[in-house]
Amino acid sequence: MQLTHKFSLPLIKPKPIAPPAQALEALTQDLGKHLLAALRKHGRGGIAESLYAQMLKLSTSDEKLKVELFRFVDVLPTLKTPEAVMQHLNEYLRQPGVKLPAGGSKLLTLAGKLPGGERLSERVVQLGVQSMSQRFIAGKNADEVTRKLLALHRNNMAFTLDLLGEAVISETEAEGYQQKYLDIIAALTERARGWSANLQTDGVPWGNTKTSEVLKASEVSTMPRVNASVKLSSLYARFDPMAAEATAEAVKARLRPILRLARERGAQIHIDMEQYDYRDMTRRIFMEIVNEPEFCDWRDIGIVVQAYLRDSEEDLQLLLACAKQRGIPFWIRLVKGAYWDYETMLAAQRDYESPVFAEKWQTDANYERLTEILIANYQYLRPAIASHNVRSVAHAQAVAQQLNLPLGTVEYQVLYGMGEAMGRTLSAQGNRVRVYVPFGELLPGMAYLVRRLLENTSNDSFVKQVELDHRAAKALLAPPIGKNATKEDAPPARLYRNNPLIDFAKAANQSQMQTALTLVQGQLGMTVPIVIGGDHEAGEQLVSRENPSKHSQVVCQVQYASAAQAQRAVALAERLLPTWRDVSVRERADVLRRVAAEFERRRHEINAWMVMEVGKPWREADGDLAEAIDFCNYYADEMERLAQPRKRNVPGEWNEYSYEARGVSVIIAPWNFPLAILTGMTVAALVAGNTVVIKPAEQSSRVGYFLMEALEAAGLPKGVANFVPGAGETVGAALVADPRVAVINFTGSKAVGLHLMKEAADIKPGQREIKHVVAELGGKNAIIVDSDADLDEAVLGVLHSVIGFGGQKCSACSRVIVVGPNYDAFCARLKDAIHSVNIGAADDPATSLGPLVDAASQARIQRYIEIGKQEGKLLASIEPSAELAAQGHYVTAAVFTDCDPSGRLCQEEIFGPVLAVLRARDLDEAMRIADDTPYALTGGFYSRSPANITRVRREFRVGNLYINRKITGALVDRQPFGGGRMSGVGSKAGGPDYLLHFVLARTITEQVMRSGFAPVAE
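Conventions and cut-offs
- Residues numbered from 1 in each chain as written.
- Predicted model: local features only at pLDDT ≥ 70, side-chain atom pairs only at ≥ 80, totals over all residues.
- Heavy atoms only, no water.
- Pairing = 2+ DSSP bridges.
- Helix = DSSP H or I, 4+ residues; strand = E, 2+ residues; numbered from the N terminus.
- Axes fitted to C-alpha atoms, helices over the stretch in contact; angles between N-to-C directions.
- Buried < 20%, exposed > 50% of the residue type's maximum accessible area, 1.4 Å probe, protein only.
- Phe/Tyr/Trp six-rings, centres within 6.5 Å; stacked < 30°, edge-to-face > 60°.
- Lys NZ or Arg CZ within 6 Å of the ring centre and 35° of its normal.
- Parallel < 35°, antiparallel > 145°, perpendicular 65-115°, else oblique.
- Left-handed = near helix turned anticlockwise from the far one by under 90°.
- Contact = heavy atoms within 4.5 Å.
- Nonpolar A, V, L, I, M, F, W, Y, C, P; charged D, E, K, R; others polar.

Draft legend 1. Up close: the sheet that holds strand E2 (residues 227–230). Taking strand neighbours around the barrel as the criterion, the 8 strands line up as E1-E2-E3-E4-E5-E6-E7-E8 in a closed arrangement whose pairing is parallel. When strand polarity is set aside, the average angle formed by the axes of neighbouring strands in this sheet is 30°. Here strand E3 (residues 268–271) pairs with strand E4 (residues 301–306) via 3 bridges, running parallel. Opposite Ile271, over in E4, you have Ile303 as the bridge partner.

Here you go:
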């Protein structure tokens, strides 16, 4: 499969700019001073501007107040009653640490007490937010926005239209987004025909707009009156750079009609850039479609380059190479970037290096470098300088003048609601100016509104500096020079840094994974041995393991151990226990770190085997492996911490508290996390000084064998760990019953776990240890969706929690409880989202729902779907194709409503993509429903009410509670995992207490006083 686009050409060096940089800087300063002086004259006054200035002053008076105000603005459109508005306003503004202006707290209290106070206050708040939204959002329909666009046209400014509400969670919504653009292009191009001619914004050659000087005929193009900006991720609900081919083809299929209509009607289309994850995919689609026969000679199309990205120069150079090869220019909108906070936080969460510059001056300096490249290549890339920063704009003007370019060669772009003064100033100078104009409903546009408000109130905002300090000319025009961050400037490092997942948005990583899959295809059919004392043995039975995606394909053959072999492994482990227990903690910890390194070395290979043996899609497989690496490194660190004895000495008496190994540990692991859980349970026992006997799940013995191979490669002494694959009824039973076993570590179903505990409690003849059982069992996990929840987030969070690895996670969501008026809207959007799920083979990167692990699991889910039809009403389902159904263990994903909370569908663990949606009158009822099962593993809550979040944190008693995010995907150290009640014994894998399950505490006291003398304690 081709994973890189055909335009990956060598970088092109920018043309040299003459005269020298000193002269360019002098000209920039001169132009900047004139621009700044003119800019202040073109500022807008009046009551509305004064009110907005006061709001700016209020929101920037305190950082905590600013954050809480904007969080309130974000939730406001979902609040349906005056009481709800005032409730949330109080919850946000009465947060600890929020400093309200004088009298603010009293006004809030008074509003709640006066008759009609809540309704009046709600009206005032709504008007205030409506005023803010009207400043940044031009209108909610074609009629409203047309008036604003015509006003811009009459004031010598062009526009590009941005349709808000582009977040899509289903193909129905993606098709709707496409249709809205088709409708707005058709409507506006028709209306724009009636606008009077404007030499500066339409109907003139690309080049000088005030004189007869123009470019040569081959470079002449006129400026379309209608211009629209499109976000490609909104054209396809499954937009995923990992599924590069499927995404590219689907997006281009939806984009072509938009481009076709725009070209027919004489409109222009600009492709927006979004988050960094989508950057390469967006650029690829653009470069491919502008070279298609239908569009290869079309000039009225463009794309964005974001200067805050560290590798943005490479981005621009690739686009320049494409334009030169194409032979027809296209537009580049050069921006600083609007997602800085998002990108930095996301990178920190993923343990990736941030893709954006850390300091504002670095972005500004890069913007100037890119400006010089862009304008120097104006005949290939039509430059659109999008900035409100007077220094950046003046620098662009200076570059254009130094190259003796006609005045209209460079277009300048500003944001609606933020850059009008800059736009009017530049237009008055004879420049071409375009305003980026968002339009749409307030609710879908709220993310945009909040982003603009944050930008307009940031400490580095140029707009803020100009409005609040007219004496800042020297600072505003200063060259972007600063110091690099030092260790003192950097944020403190976390105690543990998680192993980052592979970024499958990058084509190189996709290619490596495809290569590994091909390699593994050639290894299928291998035999997984029994390993006892380092010797590879055959078992009493050789069992074939089939590929869940294609059950006619044998993945491997597994030697199944006998009960006698299991007992021999225990005997050897008992014999080697004293030797391994006395190995230093540092040496044991280093073995774990070498295991982690071996996993990293074989990362793609192991991932490919997980795809083939248990049907894990790419990202799920790599998440499993990354967690295994984390378990090794984290437990190594934790054991070194625990190994430091606690001393409590008094004169003449020394006291020491320390830990030692319990004994032989049996590891009985599940197949759903075939490497991570097996590794975590095993290495925790080993690093604590125990010897182990490992029994992998029958469905995942080959993946489990990677752990044994890694332990051998890490230099673990032979026999300290033994590997005995086999049937649970034979090997598992023998291990649990063996009187020499001190620890049983089990992850699996409630039924098996309870039976195992009962067996472990039966003391056998000769048994010297009370067997310690560590058990993580099942769950019946619920997500509560509050009445004020963000449904964009809630629907996607529920969907991912239901279908991730086919719902075959103990943390998966199987019940969602929707509070109050959100129920119908949530169900409607979830229904569309389910219909947009792509069922396919696990090795296909476009797959969002793969096969179940085996035929037994498949049959179980089919039974629960029938139960759901009896107990509730089928809301939505998506079925595998007949071809897939015949090939592998694929099942229908199904959502049911009107279910009985006490019925089987809502009480029993299903372990598959089956969901019950329940309605609750209020949060009280939702909490009762959520708590009404025997389990307490995971739970979720989507809400924007601080008070409700505080309550749920206190009362929703589950082992892992997730607020405003999906409920799967716990990370070592960050979210130690495990639950109580019938979900387990309360152990927290990946947490600071987990190793205590594998050690016994010892207290040693020594009397050191002799005849009144004693050594000094250390």
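Having seen the model, we can carry on.
Draft legend 2. Up close: the pairing of strand E24 (residues 893–897). With 5 of its 5 residues buried, E24 lies for the most part within the structure. Burial along E24 is two-sided: the face carrying Ala893, Val895 and Thr897 and the face carrying Ala894 and Phe896 are both buried. By the bridge criterion, 5 bridges tie strand E23 (residues 873–878) to E24 in an arrangement that is antiparallel. Pairing of Ala876 across the sheet is with Val895, part of E24.

Draft legend 3. Inspection of the packing of aromatic side chains at higher detail. Tallied over the entire structure, the rule returns 17 aromatic pairs. Here Phe159 and Trp195 contribute two aromatic rings whose centre-to-centre distance is 6.4 Å and whose plane-to-plane angle is 65°, an arrangement assigned as edge-to-face. Taken together, the residues span a long stretch of sequence, with Phe159 in strand E1 (residues 158–163) and Trp195 in the loop between helix H8 (171–192) and E2 at a distance of 36 residues. Judged by its relative accessible area of 2%, Phe159 is buried. Among the aromatic residues, those joined into a cluster by ring pairs are Tyr496, Phe631, Tyr634, Tyr635, Tyr994 and Phe998. Between Lys616 and the ring centre of Phe673, over which it is positioned, the NZ or CZ distance is 4.0 Å. Its guanidinium or amino end placed over the ring of Tyr657, Arg646 lies 5.7 Å from that ring's centre, counting from NZ or CZ.

Draft legend 4. A look at the packing of helix H9 (residues 244–265) against helix H10 (residues 279–289). Where H9 contacts H10, the two axes come as close as 10 Å, and the packing angle between them is 55°. By the angle class used here, H9 and H10 are oblique. Between H9 and H10 the crossing geometry is right-handed. Judged by residue contacts, Ala244, Glu245, Thr247, Ala248, Val251, Lys252, Leu255, Arg256 and Leu259 of H9 engage Met281, Arg284, Ile285, Glu288 and Ile289 from H10. For the contact of H9 with H10, the per-class residue count stands at 8 nonpolar, 1 polar and 5 charged.

All quantities given are derived from atomic positions and should not be read as evidence of function.
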